Every structure is written in structure tokens, then in C-alpha cells.
Amino acid sequence: MPSIVIVGAQWGDEGKGKIVDALAARADVVVRFQGGDNAGHTVYSGDKKYVFHILPSGILRSGVLCVIGGGVVLNLKNLGEELQTIRIPETDWRRRLRISGEVHLILPCHIAMDQASETLRGKGKIGTTLRGIGPAYADRAARTGVRLADTLDESWFRTQLRSCLDAKRGCLPEAQARDVCDADRVADEILALAKPYAGLIADAGQLLADARRKRKNILFEGAQGTMLDVGAGTYPYVTSSHTVAGGVCVGAGVGPHDIDRIIGVVKAYTTRVGEGPFPSELHDATGEMLRKIGGEYGATTGRPRRCGWLDLVQLRRAVRLNSLDEIVVTKLDVLDALDRIGICTAYRVGGRRVTEWPVNPVDVQQAEPEWEYLPGWQCATDGVTTFAKLPKAARRYIRTIEKRLEVPVTMISAGKDRAQLIIRKPAFGKK
Ligand code: IMP
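Residues numbered from 1 in each chain as written. Predicted model: local features only at pLDDT ≥ 70, side-chain atom pairs only at ≥ 80, totals over all residues. Heavy atoms only, no water.

Concerning helix α2 (residues 76-85)
Three- or four-residue spacings in an α-helix give side chains the same orientation, since the helix completes a turn every 3.6 residues.
Thinking step 1. Along α2, the residues that are buried comprise L76, L79, E82 and L83. Down the axis of α2, the sector holding all buried residues measures 120°, keeping them to one side. Away from its buried face by more than 90 degrees, α2 exposes Q84 and T85.
Thinking step 2. For α2, the secondary structure elements touched by its buried residues are β4 (48-52), β6 (73-74), α3 (90-96), β7 (97-100), β8 (104-105) and α8 (183-194).
Thinking step 3. The opening residue of α2 is N75, an N-cap whose side-chain oxygen sits 3.1 Å from the backbone nitrogen of K77.
Thinking step 4. Positive backbone phi, at 55°, marks R87, one or two positions downstream of α2. (Buried < 20%, exposed > 50% of the residue type's maximum accessible area, 1.4 Å probe, protein only. Helix = DSSP H or I, 4+ residues; strand = E, 2+ residues; numbered from the N terminus. Arc of directions from axis to C-beta. Contact = heavy atoms within 4.5 Å. Polar contact = N/O pair within 3.5 Å; in protein donor to acceptor, adjacent residues only side chain to side chain.)

Printed below as a string of C-alpha cells:
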């Protein structure tokens, strides 16, 4: 039974939630391994819409064990609210949710610092989700953070938290620091919020090793996308975690040999939310149309997403960085009405033609796309259930992606509902 990784191959919002949810029908375990509640994974089931920020998308499938790995940063208050909104009986989620003791907690001071640092950056802001993600990861790397496991001993937790907050006081305006760095008050609040989850704290790595030994199907659910990786992304316009497939090992506590397949999710066009370079961005009516038809507004912040054509230079980089075995193309139906569809095949940088992602960040900023156009199909694809029934031009578009990236497209999503999925090769075999 395989362990499969799903990662976003672009700048996030590729539609991973729907794909994880579909694969979770055959999975035994679904694991989040990085990020926090900056993610927004949307799943449509019948007339119901679910948006997950922190819970693994497998939570909707009753037989699935959901694990929040140690590479995640956790806002306990928002976790509680999310568990309330999805209306799963408490006895059910208690049975099916486990949280690594290694997750770092997002504290009120992290949220305040996220806001303060964005304000300080002014025009050079990152455009973060203001959820405290960056400051929480910064504390983790600086060894000044607090972890969920720390809450298991009150006196230990109070000591750790105090030293964490002492270091923050000078970084915030005095009145705000008095509030969010009040160690006794924050400790009381976090200890109360953590209490309901004490019984769910686990050694995620050990749990996953046991599941693998029992030949369970394991799905690792990436959040954000490759180009937002803190190392390989468009730094500094990135998130603060490792979003690439390699992040699974450190974020879930498994070794590299414990991964069997890696699937990249590619939206049929490109979007990005927040600031930073985006070479294939469209600043015209077509970009506006993609945003409108694709409903391209952030699931977490509601911000309009920037839209553009598919970028093969960027995607080749994603294929390499993640060792992608296969690709899932999502939101194909958003292109249904178009008479032609663009693909960025190379960049022009200072008069040079460039086919690899530039090393110099200023070159990335200045990269001008070179376009190739394919014919559109101008008919509806949502509801189509087999590849053969897709219009010829849509098949050609998919085959072009496969050929240029040298990776097979094994699934195509056209339409919002979980049932609207063309499966060319099932990810998990029959159980
Ligand atoms: P942060 O993760 O809140 O620190 O934000 C850093 C950057 O990552 C910003 O450009 C965000 O818009 C972007 N980002 C964070 N989470 C997501 C996501 O789930 N989808 C798309 N972009 C995201």
C-alpha cells in the first residue's frame, strides 16, 4: 500500500483540497506536514462547501485517521473554531484526529508581530495572511517557541512561554506588548485552549511508521505551493515553511524511503495571492475573466488572486524540486469559454531568452513571458467523466502539458464537486 504526497506545483490555491478529499476515499491516514491556518483547502460535497485551514482535508471521510504533523504551526483557538464549524461529532474527531507534540503554537504575539512587520515593510510588504505564521516559525528556528507537548506540564510551559514573551516585548508598541506579552494571562489562555487536545497529542512519526507497517494507505497533504517554499520559492515573497515534497520528511517525521509517489497539483492556469514576482501574470481583461470565472478569491483572506497563463518554466522547476511522478490538472472548466489559451514557454530577460528559472531575483522580477497559444474548445467540460469525452482541444492542452513537462497527467478536475473528476490512473489501488 503506497504513501503518496500531494503538493501544490504553483503558488498555492491549485485545488489540492478537492484532490486530497477524493483520494482520501481510499486512504487510511491523511497528514498535514507544514504551514498553519494560512492554508485554505476548499471541498465541495453536494450543495455543501467546506473550507479547511488547519484540519487535514480527510476529516470529512469517516474512516480516515487525520494527523497534524510536527512541521505545522498551530493556532489552538482557530482549530477549536474549525472543529465546531465542520459539525463532526466530538466523539468522531477525538477518535480520528492526532496532533504531533512537536507542533509549534501560534501565540497572540505572533499575530501582532506579523501585522507589525508588514506595516514596517510598507510598499515592500509580503502580503501575508496575517495569521502569525512567519513569527511562529521564526521562534521555532530561534529555539524560543512553545510546542503543544510543552502544555502537558503546566510549570514547564509557563517557564518556556515566559522566556518566549520576554524576548518579544521590545518588538511591539508598548500598549500592545502589555497585552500580548502578559505571560500569566497568555499562559492561562493557551493552557485552557490546549486542554481538550491533551489526549490527542502523539508522536506522529511513530504513528505513521506503525501505519506503514500495517500496510495502510497514507496521504501527505501539502499546503500552499512550491513557489512559496521558504527555500526554493520566490524569496522573500514566500511563506515560512517547506512546501515542497521534501518537507514531508521533516514535517511529518518519516524518512525519505517512506514515500512511494509524489503528485503535483497544477491549476490549468496560474494564480498567486500576495506580493512577489509572477512572470506569466495577465494584467488585461483575460486575467480579469480568469479571476471571475475561476472564483479566484483567497479562501483564507478573501483577497482577489492575481491570474495568468500556465508557466512551463516555473512548472519544470516544480517538477524537479518535488520529483513529481504525476500531475493532476484542476479547474480545466474555467478555460471552457476561451477561444485560445496561452502557455508561457520561456522568459525574455534583458534581451536574452531564458528557459530556466533565473538565479538572480532581479531577473525574475524583470522576466517577460514568451507565449505560445493553443486553440480553446469553447464548450462545457464540467461533468465530463472520461478523458476520451473531453473536447479534442482540451485533450490537446492536457497532452501538451504532459509532453512539455515529461510527467503524466493522471487526473483532471473540471467542476467543483468532488464527483467531477476524470481519473486516468487511480492513485490508490482497490482495497
Ligand atoms: P504567510 O504564509 O501568511 O506568512 O504569507 C506569506 C505568503 O504566502 C503571502 O504571499 C501569502 O499570500 C501566501 N500564502 C500563504 N498561504 C497561502 C495559501 O494557502 N495559498 C496561497 N497563498 C498563500
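Concerning the domain arrangement of the chain
Thinking step 1. By the assigned domains, the chain splits into domain 1 (3-103 + 200-258), domain 2 (104-196) and domain 3 (267-423).
Thinking step 2. Distance between the C-alpha centres of domain 2 and domain 3: 37 Å.
Thinking step 3. Contacts between the two partners involve six residues from domain 2, matched on the other side by five residues from domain 3.
Thinking step 4. Carbon and sulfur atoms make up 46% of the surface buried where domain 2 meets domain 3, a total of about 410 Å² over both sides.
Thinking step 5. On the domain 2 side of the contact with domain 3, G127, T129 and R131 bury the most area, a combined 63% of that side's loss.
Thinking step 6. Here domain 2 and domain 3 share one salt bridge between them.
Thinking step 7. Note that E275 and K125 form a salt bridge whose closest N and O atoms lie 4.0 Å from each other.
Thinking step 8. Counting every contact that joins domain 2 to domain 3 gives two residue pairs in polar contact (both at pLDDT 80 or more).
Thinking step 9. Of the residues in the side of domain 2 that touches domain 3, the class split is one nonpolar, three polar and two charged. (Domains from an automatic or database assignment. Buried area = accessible area lost by both parts, 1.4 Å probe. Salt bridge = Lys/Arg side-chain N within 4 Å of Asp/Glu carboxyl O. Nonpolar A, V, L, I, M, F, W, Y, C, P; charged D, E, K, R; others polar.)

Some thoughts on the site of the ligand
Thinking step 1. Taken together, 16 residues lie near the ligand, and D13, N38, T129, T239 and R303 sit nearest.
Thinking step 2. At 2.9 Å from an oxygen atom of the ligand is found a side-chain nitrogen or oxygen belonging to N38.
Thinking step 3. In this structure, T239 approaches the ligand through a side-chain N or O atom, which is 2.6 Å from an oxygen atom.
Thinking step 4. Protein burial of the ligand: of its 470 Å² of free accessible surface, 97% is covered by the chains.
Thinking step 5. Across the shell around the ligand, the residue classes tally to six nonpolar, eight polar and two charged. (Near = heavy atom within 4 Å. Areas by Shrake-Rupley, 256 points an atom, 1.4 Å probe, with all protein chains shown as cover.)

Regarding the pattern of salt bridges
Thinking step 1. Under the defined criterion, the tally for this structure stands at 34 salt bridges.
Thinking step 2. D37 is paired through a salt bridge with R131; the nearest N and O atoms lie 3.1 Å apart. Taken together, the residues D37 in the loop between β2 (29-32) and β3 (41-45) and R131 in the loop between α4 (108-121) and α5 (133-141) connect sequence positions 94 residues apart.
Thinking step 3. Judged by relative accessible area, D37 falls into the buried class, the value being 2%.
Thinking step 4. Across the salt bridge formed by E326 and R261, the nearest N and O atoms sit 2.8 Å from each other. With E326 in strand β15 (residues 326-330) and R261 in strand β11 (residues 261-267), this pair connects stretches of sequence that are 65 residues apart.

Some points on the pairing of strand β19 (residues 409-413)
Thinking step 1. Buried residues dominate β19, accounting for five of its five residues.
Thinking step 2. Of the strand pairs in this sheet, β15 and β19 are connected by three bridges, and their pairing is parallel. Residue pairing across strands places I327 opposite V409, the latter belonging to β19. (Pairing = 2+ DSSP bridges.)

With respect to the sheet that holds strand β5 (residues 65-68)
Thinking step 1. In spatial order, the strands read β9-β7-β5-β2-β10-β1-β11-β15-β19-β20; together these ten strands make up an open sheet with mixed pairing. Two strands close off the open sheet at either side, each with one partner strand: β9 (201-202) and β20 (421-423).
Thinking step 2. Both β7 and β9 contribute to a ladder of two bridges, which runs parallel. Among the inter-strand pairings, I99 is bridged to a residue of β9, identified as I201.

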